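Structural overview for review
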Amino acid sequence: MTSNASAPLSAGAPWIVMKFGGTSVATLPRWQNIRELVASRRAEGARVLVVVSALTGITDALKQLCAQEDKSKRIEAAKMIAQRHYDLLDHMQLAVPDTLAVRLTELARLAEEGPAVLGELAWSALMQAHGELMSSALGAAFLSHSGLPTQWVDARDCLAAVALPNQNERTKLLSAMVEAKPDPALNTRLAKLGEVFITQGFIARESQGRTVLLGRGGSDTSASYFGALLKAQRVEIWTDVAGMFTANPRQVPGARLLQKLDYEEAQEIASTGAKVLHPRCLSPLREPRVPMLIKDTNRPELEGTVIGPEVREHAPSVKAISARKGITLVSMESVGMWQQVGFLADVFAQFKQHGLSVDLISSAETNVTVSLDPTENLLDSDAVAALASDLAKVCRVKVIAPCAAITLAGRGMRSMLHTLSGVLAEFGQLRVHLISQSSNNLNLTFVVDESVVDDLIPRLHEMLIAAGALRTDDSALFGPSWQSLYGSGEVVAAGDAWWRTESRDRLLQLGAEATPRYVYHMPTVRQQARNLKTLAAVDRLHYAVKANTHPAILRALAEEGFGFECVSPGELKAVMAAVPESAPLLFTPNFAPREDYAWAFGTRATVSLDSLYPLEHWGEVFRGREIVLRVDLGRGLGHHEKVRTGGSGSKFGLPVDQIDTFLRLADTHSVTVRGLHAHLGSGILDDKHWGEVYGQLASLAERIGSVAFLDIGGGLGVPSHPGEARLDVAALDEVLRKVKAAYPHYKLWMEPGRYLVADAGVLLTRVTQQKGKGSWRYLGVDTGMNSLIRPALYDAWHEIVNLTRLDEPATALYQVVGPICESGDVIGSDRRLPEAKEGDVVLIAQAGAYGKVMSSPYNLRDEAEEIILD
Amino acid sequence: MTHPIQPRLTQVFRFVRCTYAHGVAELVYAFDHGEELIERVRFPAAPAVTAERKHAFEAALKLLHLIAGISYYKAGVPPKIELSNGPLDDATADLLEALYLHGLAEFAYRNGLDLRGRIAFPRSGEPSGMVKAATLHLPERTLVPIGGGKDSLVAVEAIKHIGGQATAVWVGNSPLIATCAERTGLPTLNIQRELAPGLFELNRLGAWNGHIPVTAVNSAVLAVAAILYGYDSIAFANERSASAATLEYDGQQVNHQWSKGYAFERLLGDWLHTHVAADLHYCSLLRPYSELAITRAFAKLTPYFDVFSSCNRNFKILGPKPADRWCGECPKCHFVFLALAPFLPKPRLLAIFGRNVLDDEAQTAGFDALLEYHDHKPFECVGEGAEARAAMYALSQRPEWQEDAIVARFRSEILPQLDVAELALEPWLKPAGDHRVPERLQPALAAIG
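Going by what an unreviewed UniProt entry lists, chain B is known as UDP-N-acetyl-alpha-D-muramoyl-L-alanyl-L-glutamate epimerase and is assigned to Dyella psychrodurans. Recorded under Sequence similarities (unreviewed entry), the UniProt text for chain B is reproduced unchanged: "Belongs to the MurL family." In the Pathway (unreviewed entry) part of its UniProt record, chain B is described as follows: "Cell wall biogenesis; peptidoglycan biosynthesis."

Here we come to the overall build of chain A. In terms of regular secondary structure, chain A is built from 28 helices and 37 strands. C-alpha atoms of chain A, sized along the principal axes, occupy 95 × 70 × 55 Å. Looking at chain A as a whole, 49% of its 870 residues are labelled buried. Put simply, 75% of the contacts in chain A that link residues at least 6 apart link residues at least 24 apart.

Moving on: the domain arrangement of chain A. In terms of domains, chain A is made up of domain 1 (3-239), domain 2 (241-311 + 478-488), domain 3 (320-470), domain 4 (534-752) and domain 5 (761-869). Averaged C-alpha coordinates put domain 3 of chain A and domain 4 of chain A at centres separated by 39 Å.

Let us look at the UniProt feature "domain: MurL N-terminal" (unreviewed entry) in chain B. In the numbering used here, UniProt assigns the feature "domain: MurL N-terminal" (unreviewed entry) to residues 8-285 of chain B. Between the C-alpha atoms that bound residues 8-285 of chain B the distance is 40 Å, and the span itself is 38% helix and 21% strand.

With 18 residues, helix H1 (residues 51-68) of chain B should reach 26 Å at 1.5 Å per residue; the first-to-last C-alpha distance of 26 Å fits that figure. Most of H1 of chain B sits out of view: 13 of its 18 residues are buried.

Turning our eyes to something else, we now look at the interface of chain B and chain A. Between chain B and chain A, the contact holds 25 residues from the first and 33 residues from the second. Looking at which element gives the most residues to the side of chain B that touches chain A, the answer is helix H12 (residues 346-353) of chain B, with five residues. Here the residues of the side of chain B that touches chain A are counted per class, giving nine nonpolar, six polar and ten charged.

This part takes up the domain arrangement of chain B. Frequently, the measure chosen for interface size is the accessible area that the parts lose on association. Residues and elements named next belong to chain B. Taken domain by domain, chain B holds domain 1 (7-284) and domain 2 (291-429). Using only C-alpha atoms to locate each centre, domain 1 and domain 2 end up separated by 30 Å. Tallying the contact residues gives 22 residues for domain 1 and 24 residues for domain 2. Counting residues per element, the ones that place at least two in the side of domain 1 that touches domain 2 are helix H5 (150-161) and helix H6 (175-184). The residue inventory of the side of domain 1 that touches domain 2, partitioned by class, reads eight nonpolar, seven polar and seven charged.

As a further point, take the sheet that holds strand E15 (residues 358-363) of chain A. The sheet built from six strands is open, its strands ordered E15-E16-E14-E17-E19-E18 (chain A) with antiparallel pairing. With one partner strand each, in any of the chains shown, E15 and strand E18 (432-437) of chain A form the two edges of the open sheet. On average, adjacent strands in this sheet sit at an angle of 30 degrees to one another, irrespective of strand direction. As judged from the eleven bridges shared by strand E14 (residues 320-333) of chain A and strand E17 (residues 396-409) of chain A, these two strands associate in the antiparallel manner. Counterpart to Ile327 of chain A in the pairing with E17 of chain A is Cys403 of chain A. Lying over the sheet, helix H9 (residues 263-272) of chain A contacts E14, E17 and strand E19 (443-449) of chain A, oriented at roughly 135 degrees with respect to E17 of chain A. Contacting E14 and E17 of chain A, H12 of chain B runs over the sheet at an angle of about 55 degrees to E17 of chain A.

The next subject is the sheet that holds strand E1 (residues 15-20) of chain A. Residues and elements named next belong to chain A. With mixed pairing, eight strands are arranged side by side in an open sheet as E3-E6-E2-E1-E9-E12-E13-E11. Each of the sheet's edge strands pairs with one partner strand only, and the pair in question is strand E3 (150-152) and strand E11 (260-262). When strand polarity is set aside, the average angle formed by the axes of neighbouring strands in this sheet is 20 degrees. Both E1 and strand E2 (residues 47-52) contribute to a ladder of six bridges, which runs parallel. Directly across from Trp15, in E2, lies its bridge partner Arg47. The sheet contacts of helix H8 (residues 218-229) involve E1, E2 and strand E9 (234-239), and relative to E1 the element is tilted by about 175 degrees.

Parameters at a glance
Residues numbered from 1 in each chain as written. Chains lettered and ligands numbered in written order. Predicted model: local features only at pLDDT ≥ 70, side-chain atom pairs only at ≥ 80, totals over all residues. UniProt positions renumbered as here; feature names shortened; annotations may be inferred. Helix = DSSP H or I, 4+ residues; strand = E, 2+ residues; numbered from the N terminus. Buried ≥ 20, exposed ≤ 12 C-beta atoms within 10 Å, placed from the backbone. Contact = placed C-beta atoms within 7 Å. Domains from an automatic or database assignment. Expected span 1.5 Å × (residues − 1). Nonpolar A, V, L, I, M, F, W, Y, C, P; charged D, E, K, R; others polar. Pairing = 2+ DSSP bridges. Axes fitted to C-alpha atoms, helices over the stretch in contact; angles between N-to-C directions.

Okay, structure coming up:
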């Protein structure tokens with residue numbers, strides 16, 4: 001493509017501002033890339049203004065040069081800097097353009113002159129400005145030479161820094177502000193000069209004519225200033241990532257790309273965590289309503305993030321969750337003082353005096369709590385001790401740390417509070433020190449103990465999606481996950497579900513015959529079993545049969561070499577009737593009566609205990625037996641409160657502090673503890689979690705000589721929402737292997753349940769009728785919570801499809817409900833489905849686990865039949 | 001395969017043999033006529049043993065065999081001990097009987113056993129003072145065992161401070177210690193110890209289990225290493241309070257860290273002088289110092305803050321978070337937190353631990369035990385109650401600490417029962433008492449205090 005390809009632009013052609021950072025301008029291939037991108041924007045019929053940073057590393061080199069007192073060393077440094085530019089020109093096979101030669105001469109002169117003439121700060125600003133002046137001159141030469149005539153513009157002639165009150169000389173010169181309003185005169189002046197322009201980020205000029213810098217995030221801010229001045233069609237920030245994400249991808253690999261944000265939301269997200277954009281660069285664009293687009297230089301085909309005015313109503317959604325660590329809180333308690341005039345001013349003066357700046361504030365009648373960010377002053381001086389001493393004279397002080405601020409950001413936060421109940425319940429388990437909700441309704445911030453944050457953020461992200469608070473199902477707002485875009489290693493992609501492809505016709509036929517029906521797909525069961533058998537670190541796998549006790553499934557898993565974990569004599573009997581005698585059995589009851597244990601010792605099952613009571617009161621039942629001790633490691637995990645099985649709020653497991661007592665009781669009755677077991681919950685997708693459980697169990701086992709195996713339970717998550725990452729079995733194995741290498745003398749057991757069978761089962765039902773109520777549309781089907789109680793019991797999300805009309809466009813928004821006389825009989829809310837007709841076969845996916853086994857005769861409706869597909 | 005043994009019913013513990021070849025020492029033990037239990041200690045890149053040091057090496061190896069046997073002996077605690085290499089002179093038998101009795105005192109207490117009169121090593125009757133070891137002119141350099149905690153790091157920095165030649169050494173497989181050792185910048189030496197697999201089997205069969213004086217075993221390993229590689233000193237980092245008993249039980253002193261105490265240091269140091277080499281010095285560099293003096297010294301060693309841990313939970317898998325190194329619930333976490341608190345800015349200390357242990361009400365009982373309030377001293381290598389009280393008192397006077405749950409409770413409930421005159425921090429910061437630091441290393445002592 002060449003510039004001649006497009007017709008000349010009219011004077012009124014729109015502008016596009018494109019900003020490229022230091023790494024993007026440091027090599028020839030990157031400049032070739034820029035050239036292509038600029039040409040394509042020009043071809044759209046726009047004038048293009050390119051804003052560039054200095055070559056990567058040059059700004060730092062210039063700063064070091066400025067700090068150098070020795071003149072000869074400064075001159076040497078300036079030569080090195082010049083050389084970097086010569087090298088790049090060499091690569092481009094270009095002669096040194098005059099514009100650059102002028103800059104290099106000036107640089108050498110300034111280096112020699114030193115700060116004496118201009119003054120330290122002004123000299124330093126002018127010196128540093130040369131990084132951008134040189135890179136832009138070089139860029140102009142390259143672009144023009146490659147057939148894209150490009151005008152070099154001195155940004156200082158366009159951006160005038162404004163003097164602000166409370167600015168000192170340093171901020172005036174090194175972090176200046178520009179008031180950028182649309183400037184038609186500049187627009188006209190430039191339009192006369194050409195079609196493609198290049199200028200500098202980071203620099204401006206103040207009223208006395210001196211060169212000033214824009215400070216941190218300066219180049220992005222320059223691009224915004226130019227966008228505003230030229231009232232551009234858009235400002236494009238080209239960087240190394242496709243935009244802003246719903247969470248820090250390092251913490252949450254499943255974080256989704258945010259495709260559309262309004263200015264305020266984006267600014268909130270940038271301020272509370274996202275590093276891709278400096279929050280200050282958005283405000284210049286807000287008033288002229290110039291949109292900003294963030295794009296990945298290496299992957300220009302990705303959509304990126306568009307930040308613009310709030311255009312039309314989307315369903316309110318949390319957009320991002322972030323965490324800032326290392327926060328210290330100062331809580332000040334006083335009765336009746338806060339209302340006194342000037343009291344708070346005096347208190348805050350103390351913070352100023354000790355050099356500590358306050359971020360969050362919350363107040364009550366008798367308490368004001370503020371947060372401090374982790375500065376060097378805070379960590380390594382006596383600032384906090386001195387502050388506390390001074391404050392203690394007027395109020396009671398408490399210093400709370402280390403804390404982390406977790407922020408949910410998104411427009412209309414208050415209207416989403418009702419969807420956050422599950423999320424808030426999670427906070428209910430923690431120490432929340434401060435909650436702040438800004439009046440601009442954009443964020444909700446919780447300050448909690450720092451130690452919980454690393455585990456909490458990925459879980460909250462998941463819960464926000466599951467609760468429908470983070471509406472990842474809205475593909476206009478949310479793009480692909482970071483993992484799928486940039487993740488290393490193999491992305492575990494969800495294949496097409498069996499019911500969507502090979503078995504669809506058979507299912508339609510089954511649904512036409514009779515409903516409700518559960519249908520189980522045995523190849524899927526076997527496939528899941530084989531996935532888990534790749535866990536080389538695991539010595540024995542037990543199927544937790546409570547998920548589904550269908551004899552065909554039990555037999556298939558026995559054939560795959562699984563043992564079976566049962567929680568009642570009934571389950572044990574069902575398993576023993578279906579599987580060969582060689583299959584190992586575990587009996588892991590909870591609050592079971594005495595006779596259950598006595599009976600279980602008559603079978604071949606390995607018996608678990610999880611409380612002191614049985615040994616204290618029924619010691620004779622256990623005399624001389626080997627048992628497994630189920631412990632509670634203190635903290636539960638899982639997708640819903642009711643499936644969390646660890647922590648004091650859970651009835652399962654022996655607390656760690658009772659282990660010594662348990663062991664003494666065991667000794668008294670000659671009971672040998674052969675295994676240790678812990679199980680923290682269900683639906684866990686984070687592989688590190690099992691490593692932690694395993695490691696903790698192993699360190700407990702070291703105190704008990706008799707232990708031969710560790711059972712880390714199950715709870716392997718099965719993703720239900722579109723785009724959720726599947727559990728990475730290979731990564732899990734890696735985690736487990738590491739622990740095993742440290743504790744090779746313990747065998748490792750696991751007890752997966754839902755993982756094996758959830759995807760293998762579907763519930764077929766048929767449409768009975770529809771009802772409209774206000775703007776709500778109800779779609780009635782012939783079964784509900786009597787067959788599948790998970791949505792009502794756990795708020796579980798099951799995919800629902802109209803199997804009859806699988807290929808028709810999903811235009812209706814339905815509440816899918818069953819026929820049970822309970823207002824909770826809702827199988828799925830706000831589902832986009834094709835317009836349905838009576839008799840259509842509707843499929844509820846992932847119903848293979850905890851479906852039929854939890855069904856009830858409530859309302860005395862017919863129970864769902866079970867069908868096996870082999 | 002012999003009939004499965006019942007460890008607690010065994011009659012004889014036998015020291016079968018010990019051999020050394022190509023950097024590997026094999027220490028062999030057995031109960032009754034049961035299977036041999038073979039422990040291996042691996043010395044990496046071991047040089048050949050010179051003729052000049054051969055005698056010393058064999059003596060050190062013999063002692064290692066005798067001392068390391070304690071891990072196995074305790075599985076059955078049989079009434080009789082047999083030595084296949086013949087009886088011991090009085091000095092050696094005295095050392096071992098003291099070690100087995102006092103080093104296993106906590107083990108005995110926990111298991112309800114009484115070892116007094118039960119431990120008797122066969123004696124030749126050769127009295128103490130008859131043996132005399134040669135001077136070997138060992139190189140002037142020091143083995144400094146690293147434990148991953150603050151104490152050994154203070155010792156390392158003290159030796160570095162005086163320009164002493166030293167090697168950071170550790171026994172076993174701990175990523176935590178390896179990271180700390182690496183952070184010292186010293187040459188490192190990692191000696192591997194493989195327990196006999198049969199010991200795990202014995203445990204499964206119901207062996208007695210509990211605390212063993214692991215510092216004694218490590219000391220014996222390092223004595224072998226000093227002769228093998230050529231070091232004139234082994235400088236442990238055991239402080240003054242390690243000599244204090246944890247509790248008294250049935251007329252017997254029980255000290256969880258007996259092998260870190262001065263009595264053992266003296267016994268072993270003298271024995272090495274007389275039986276191995278007159279110029280091999282075994283000492284603790286921190287002996288004159290209290291825990292508080294050491295934590296004060298450590299508070300200046302910022303580069304170690306994100307790698308060290310004194311936590312009692314055995315972290316075999318390292319992670320980047322504080323919670324991967326500190327459980328926050330064991331007596332060691334309690335004490336180190338409390339003892340560092342007077343000497344570090346609060347946010348810095350909390351960043352090290354990743355939590356505020358003193359604002360966690362669940363830790364009340366643990367701190368009570370530490371302060372010797374309502375409870376006896378816990379079985380851990382932690383400072384004396386008086387030191388803990390002095391540190392707590394200092395915090396209770398500081399506004400940034402005094403509202404934290406455990407400190408507030410101390411102020412309202414415990415402090416009124418104490419004599420403030422006895423709670424000063426300063427006296428703890430002065431060195432006091434005997435030590436066995438050889439002359440060459442004595443300037444390092446000043447670098448600590």
